[in-house]
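Commentary on secondary and tertiary structure
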Amino acid sequence: MFLPQMVDQFWETIMKTWITKTIVVSACVLGIAGCASPVDRIAEKPYCHTDRGRNGYCTKDPAPSIAKDDEAKLFASVPEALTVYVVRYWGDGHHPLDISVDGGAAMETVPNSMIRLRLKEGTHQITFNVGGKTFDRTISGTKGEVRLLGITGTDWIWGNSSHWWTDDSVDQLKRRALRSRLIKDITFL
């Protein structure tokens, strides 16, 4: 009788182990499948900048869709407007920053984002304010042209900050823009 009890106990242990492993593997597969669900490429929702998974600063307004973001990163011109990209670098602080065009309404940016502007041909003043200081950049262009501007800076832990318009090349700005998220796509015609 001793041997049959051992055999029964052996098979009971095997079945418990098999059932436990099956449950664990099934849970993992379902969890991975949930993570692999497709991204909604046409949804417009606020964009949140995070720094190593924390300090999320989100735009107040919904950002254009991921499909629109992909299209903007082609840097295509349009025949009826001057196209200007304002690219805000990721390491320039962890706070919203407002920019305006020709003294108009402020548009919020967050780090690692960009704004695409379609403007009338001619000369325009792009301005951003931070820490009580105003930074202006004048840009000129004609219909069908594409221009890029970059904003960078540093916020120090003791409260000081410094920001400025970059003098990066077009290629450097495009590389930064490709790693940024389109948060506004505005036409002023």
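In this report, the structure presented in the accompanying data block is examined. (Residues numbered from 1 in each chain as written. Predicted model: local features only at pLDDT ≥ 70, side-chain atom pairs only at ≥ 80, totals over all residues. Heavy atoms only, no water.)

1. Quick notes on the pattern of salt bridges
Let me state the cut-off plainly: A carboxyl oxygen of Asp or Glu within 4 Å of a side-chain nitrogen of Lys or Arg is what we treat as a salt bridge. Three exposure classes are used, based on accessible area relative to the maximum for each residue type with a 1.4 Å probe and protein chains only: buried under 20%, partly exposed in between, and exposed over 50%.
Applying the stated criterion to the full structure yields seven salt bridges. For the salt bridge of Lys73 with Asp69, the shortest nitrogen-to-oxygen distance reads 2.9 Å. You'll find Lys73 and Asp69 in the same group, each marked buried. Salt bridges sharing partners connect three or more residues here, namely Lys68, Glu71, Arg116 and Asp185.

2. Section: the nonpolar core
Put simply, the rule is: Buried residues of nine kinds, namely Ala, Val, Leu, Ile, Met, Phe, Trp, Tyr and Cys, make up a nonpolar core once their side-chain atoms join them within 4.5 Å. Put simply, DSSP marks the helices as runs of H or I at least four residues long and the strands as runs of E at least two long, and each gets a number from the N terminus on. Whether two residues are in contact is decided by their heavy atoms, any of which lying within 4.5 Å being enough.
Judged by nonpolar contacts, the single largest core of 22 residues is most densely connected at Val84, Val86, Ile99, Leu117, Ile126, Phe128 and Trp165. Breaking this core down by element, the ones donating at least two residues are strand E3 (82-88), strand E4 (97-101), strand E6 (113-119), strand E7 (122-130), strand E8 (133-141) and strand E9 (146-155). Look past the residues within four positions of Ile126 in its chain and what remains in contact with it is Val86, Ser100, Val101, Leu117, Phe135, Asp136, Arg137, Ile139, Leu149 and Trp165. Grouped together as the second largest cluster of nonpolar side chains are 10 residues, Tyr85, Leu173, Ala177 and Leu182 included.

3. Re the side chain of Thr109
Relative to the elements of secondary structure, Thr109 occurs in strand E5 (residues 107-109). According to the relative accessible area criterion, Thr109 is buried, its value standing at 3%. Beyond its immediate chain neighbours, meaning those up to four positions away, Thr109 contacts Arg88, His95, Pro96, Leu97, Ile99, Ile115 and Ile183.

4. Overview of the packing of aromatic side chains
Applied cut-off: Paired rings are identified among Phe, Tyr and Trp, the last through its six-membered ring, by centres lying within 6.5 Å, and are further divided according to the angle between planes into stacked (under 30 degrees), edge-to-face (over 60) and tilted (the rest).
Summed over the entire model, instances satisfying the criterion amount to three aromatic pairs. Note on Phe75 and Tyr85: the rings are 5.1 Å apart at their centroids and 70 degrees apart in plane angle, and the pair reads as edge-to-face. On the criterion of sequence distance, the pair formed by Phe75 in the loop between helix H2 (66-72) and E3 and Tyr85 in strand E3 is long-range, its members being 10 residues apart. Taking relative accessible area as the criterion, Tyr85 reaches 0% and is therefore assigned buried. With 5.1 Å between their ring centres and 70 degrees between their planes, Phe128 and Trp165 make a pair best called edge-to-face. Here the residue Phe128 occupies a position in strand E7, and Trp165 occupies one in strand E10 (residues 161-165), the gap between them amounting to 37 residues. An aromatic cluster is present here, built from Phe128, Phe135 and Trp165 joined pairwise through their rings.

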